Amino acid sequence: QVLTGTIDQDLKLTKNNTYKLIGTVYVTNKAVLTIEPGTVIRGDKESCGTLVITKGCKLIAEGTITDPIVFTSNNSNLMRKPGDWGGIIILGEAPINKIGGISFLDFNLDSAVSYYGGQDPNSNSGILKYVRIEYSGHKINALKELNGLSLGGVGRGTKFEFIQISFSNDDSFECYGGDVNFSNLISYRATDDDFDFTQGVQCTISNSIAIRNPYSSDISGSRSFEIDSYDKIENADLTKKLTKITANNMTLINTEDNNQGLVREAVYIKEKSYFNINNSIVDGFSSCVLLENKIGAFPANLAKINIQGIQVNRCGGVVLSESPNYNSELSSWYNTDTFSLELS
């Protein structure tokens, strides 16, 4: 069955059919797209098959542990590669910190329906549970690819749990503002970042794992977490919330033996961002955390970054700065019993 164009009324996809996404498919007009457990949706490569859930609409994709919903490449098994199709984009009504409170994603979408942001942090864009998304991240131009799952201004009424994104040609999960809760996520062999946050997103992520591979990495730097409060400071509303991420029970792994530098730090944090990570394992990175040089070692900045109860294995450092002049102060700050860090 072919899915193309616009879906402007409620529609249910059933597992007795296989669906092919051709071009950018928009769900509009407050429609609900429901996907039955076990359904397979294949993205077309030539037309960059992409699913966009616009503001006010819902995606109900609730698979089961034995009957997951699968979004994959339309190519044959032996021919599938990262970037074979677009990905899934969900646009919601929760706050973002850009001027005007509304924005657009730079993915060559129809501007009439592809805006996001609003005033409702509790807004509900549906549910994704027991869902696999693989081989997404089609290249739009020389500098831009789609992500596995892109969330713009999505509210906390939306449920995300038991989602695996594999072989994304860009990020696995990226949030542009909004207020989201994630649990039981898997990111496997993303080309760019596993979890990318910007535009004042408020997010809790728990019980999740990112597995990086040096041969699935981007020259610009590939990390498990990239955290930024603003995509461009000149477009930001400085009265709105800064990005705040709380990560609990995480496992971040680089499978490269004796890290040769193809995969960099596990977590990269830019200025004016909050990050808390607790009870987690970080293994095989150039450093556990790298701070943008603007953060320095100033206590007011470091108070935003809490690293508590972490087992750090095979890493070149725990918390380092882009400016090495700050590293001794950072070591003194984090090398105390307060943070309960274990190194091996």
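For the structure, see preceding data.
These numbers were taken from a predicted model, which means no experiment stands behind them.

Draft legend 1. The overall build of the chain, seen in detail. On a plain count of helices and strands, the chain comes out with 2 helices and 28 strands. The globule rule puts the C-alpha radius of gyration for 344 residues at 20 Å, and the 20 Å found for the chain is close to it. In terms of overall dimensions, the chain has C-alpha extents of about 60 × 45 × 35 Å along its principal axes. Residues counted as buried form 54% of the 344 residues belonging to the chain. The contacts in the chain between residues at least 6 apart in sequence include a share of 69% that link residues at least 24 apart. As displayed, the chain has an accessible area near 14,200 Å², and 48% of this comes from carbon and sulfur atoms.

Draft legend 2. Quick look at the pairing of strand β17 (residues 173-176). The alternating pattern of β17 places Phe 173 and Cys 175 and Glu 174 and Tyr 176 on opposite faces, both of which are buried. In this structure, β17 lies alongside strand β19 (residues 195-198), joined through 4 bridges in parallel fashion. Bridge pairing links Cys 175 to Phe 197 in β19.

Draft legend 3. Structural view of the packing of aromatic side chains. On inspection of all chains with the given rule, the structure shows 13 aromatic pairs. Look at Phe 195 and Phe 225: their rings are 5.1 Å apart centre to centre, the planes differ by 40°, and that puts the pair in the tilted class. Remark: Phe 225 occurs in strand β21 (residues 225-227) and Phe 195 occurs in strand β19; sequence separation between them is 30 residues. On the accessibility criterion, Phe 225 (0% relative accessible area) is buried. One aromatic cluster is present, built from ring pairs that chain together Phe 160, Phe 173, Phe 182, Phe 195, Phe 197, Phe 225 and Phe 275. Taking the ring centre of Tyr 268 as reference, the NZ or CZ of Arg 223 above it sits at 4.2 Å.

Draft legend 4. Main features of the pattern of salt bridges. Per the stated rule, a full pass over the model turns up 14 salt bridges. For the salt bridge of Asp 44 with Lys 20, the shortest nitrogen-to-oxygen distance reads 3.9 Å. Taken together, the positions of Asp 44 in the loop between β5 (40-43) and β6 (50-53) and Lys 20 in strand β3 (residues 18-27) put the pair 24 residues apart, joining distant regions of the chain. Close ionic contact of Lys 129 with Glu 161 constitutes a salt bridge, the shortest N to O distance being 3.6 Å. Of this pair, Lys 129 sits in strand β12 (residues 126-134) while Glu 161 is found in strand β16 (residues 159-166), placing the two residues 32 residues apart along the sequence. Taken together, the shared-partner salt bridges connect Arg 223, Glu 226, Arg 264 and Glu 265 into one network.

Draft legend 5. Examining the side chain of Ser 166 more closely. Within the secondary structure, Ser 166 sits in strand β16. In this structure Ser 166 comes out as buried when scored by relative accessible area, which is 4%. Within the local environment of Ser 166, its side chain forms a polar contact with the side chain of Gln 164, the two groups lying 2.9 Å apart. Other than its neighbours up to four places away in sequence, Ser 166 contacts Ile 133, Glu 134, Tyr 135 and Tyr 188.

Cut-off values and rules
Residues numbered from 1 in each chain as written. Predicted model: local features only at pLDDT ≥ 70, side-chain atom pairs only at ≥ 80, totals over all residues. Heavy atoms only, no water. Helix = DSSP H or I, 4+ residues; strand = E, 2+ residues; numbered from the N terminus. Rg over C-alpha atoms; globule rule 2.2 N^0.38 Å. Buried < 20%, exposed > 50% of the residue type's maximum accessible area, 1.4 Å probe, protein only. Contact = heavy atoms within 4.5 Å. Areas by Shrake-Rupley, 256 points an atom, 1.4 Å probe, with all protein chains shown as cover. Pairing = 2+ DSSP bridges. Phe/Tyr/Trp six-rings, centres within 6.5 Å; stacked < 30°, edge-to-face > 60°. Lys NZ or Arg CZ within 6 Å of the ring centre and 35° of its normal. Salt bridge = Lys/Arg side-chain N within 4 Å of Asp/Glu carboxyl O. Polar contact = N/O pair within 3.5 Å; in protein donor to acceptor, adjacent residues only side chain to side chain.

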